[in-house]
Amino acid sequence: MISHDARRNGLTVRRLMREAAEAGAQLIQFPEGCLSGYAKEQISDGDQVNWPAIEEEYRHVAVLAAELQLWVVLGSAHRLTPPHRPHNRLYVINADGQVAGRYDKRYCSHTEVLRYYTPGIRPSVFSVNGFRFGCALCIEVNFQELFAEYERLGVDCLLLSAYPVDSVFEVKARAHAAINNY
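Let me begin by describing the structure that accompanies this report. Note that the structure is predicted; figures quoted are calculated from it, not measured.

1. With respect to the overall build of the protein chain
Phase 1: Broken down by element type, the protein chain carries five helices and seven strands.
Phase 2: Start at the N end of the protein chain and walk to the C end: the helices and strands fall as α-β-α-β-β-β-α-β-β-α-β-α.
Phase 3: Its C-alpha atoms give the protein chain a radius of gyration of 16 Å, near enough to 16 Å, the size a compact globule of 182 residues would have.
Phase 4: Expressed as lengths along the three principal axes of its C-alpha atoms, the size of the protein chain is roughly 40 × 40 × 30 Å.
Phase 5: Residue burial in the protein chain is summarised as follows: out of 182 residues, 47% are buried.
Phase 6: Here the contacts in the protein chain between residues at least 6 apart in sequence split such that 65% fall between residues at least 24 apart.

2. Examining the packing of aromatic side chains
Phase 1: Inspection of the entire model under this criterion finds five aromatic pairs.
Phase 2: On the numbers, 4.7 Å between centres and 45° between planes, the contact of Tyr 58 with Tyr 91 is tilted. Of this pair, Tyr 58 sits in helix α2 (residues 51-68) while Tyr 91 sits in strand β3 (residues 87-93); the two residues are 33 residues apart in sequence, bridging distant segments of the chain. Tyr 91 shares its class with Tyr 58; the two are buried.
Phase 3: When the ring of Phe 126 is compared with that of Phe 133, the centres are 5.4 Å apart and the planes differ by 20°; the resulting orientation is stacked. Of the two residues examined, Phe 126 and Phe 133, each falls in the buried class.
Phase 4: By the ring-pair criterion, three or more aromatic residues cluster together here, those being Trp 71, Phe 126 and Phe 133.

3. Re the nonpolar core
Phase 1: Of all hydrophobic cores here, the largest spans 28 residues; its most connected members are Met 17, Phe 30, Val 72, Leu 74 and Ile 93.
Phase 2: For this core, the elements supplying multiple residues, two or more each, are α1 (6-22), α2, β2 (71-78) and β3.
Phase 3: For this core, the element with the most residues is α2, which contributes eight residues.
Phase 4: Leaving out residues up to four positions away in the same chain, Ile 93 has contacts with Tyr 58, Val 61, Ala 62, Ala 65, Leu 70, Trp 71, Val 72, Gln 98 and Ala 100.
Phase 5: Core analysis: the next-biggest nonpolar cluster, separate from the first, contains 22 residues, Cys 135, Cys 138, Val 141 and Leu 159 among them.

4. Here we look at the sheet that holds β2
Phase 1: Pairing within the open sheet is mixed, and its four strands lie in the order β1-β2-β3-β4. The open sheet has two edge strands with one neighbour each: β1 (27-29) and β4 (99-104). Between one strand axis and the next, the sheet turns by 25° as a mean value, whatever way the strands run.
Phase 2: One ladder, built from seven bridges, connects β2 with β3; its direction is antiparallel. Directly across from Gly 75, in β3, lies its bridge partner Leu 90.

Scoring rules and cut-offs
Residues numbered from 1 in each chain as written. Predicted model: local features only at pLDDT ≥ 70, side-chain atom pairs only at ≥ 80, totals over all residues. Heavy atoms only, no water. Helix = DSSP H or I, 4+ residues; strand = E, 2+ residues; numbered from the N terminus. Rg over C-alpha atoms; globule rule 2.2 N^0.38 Å. Buried < 20%, exposed > 50% of the residue type's maximum accessible area, 1.4 Å probe, protein only. Contact = heavy atoms within 4.5 Å. Phe/Tyr/Trp six-rings, centres within 6.5 Å; stacked < 30°, edge-to-face > 60°. Core = buried A, V, L, I, M, F, W, Y, C linked by side-chain atoms within 4.5 Å. Pairing = 2+ DSSP bridges. Axes fitted to C-alpha atoms, helices over the stretch in contact; angles between N-to-C directions.

Listed below in structure tokens is the structure:
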């Protein structure tokens, strides 16, 4: 599903948003790097990132979120001022099409820090219909302190977005959910 082409990814995101809305969903969550392409897989060099296309597709997603009255948690790289590397981000777009929050991956792999991303610095919590959600990305499933922090913040559900299709992420997420009563 995810490619290096933000325009192609944007079309897929909007198609899935429509399907989710038709099925009655109020929130849809997408994988890490879904809009921009994921570093180390589709993106091997920062020069391959089409920032104008990402920004345009992001705006299309926000407009559709408002039209469908759908919350969207969307994974994408987020450009920072050079020479800083981008953030590996989850955008939280509310049902009015506005940014309700963002989460920048805090626990990055060694390769991500050296070649691809700037780590974030804070958790992200948002509420939908009385439920409090937190965000995490990929390898952060390995860090119990992140789950404990969200528990202290009163989160009801932690949304883990990951790029790899690997069942170990689901197993680890379920284990942390059970341990932390999510």
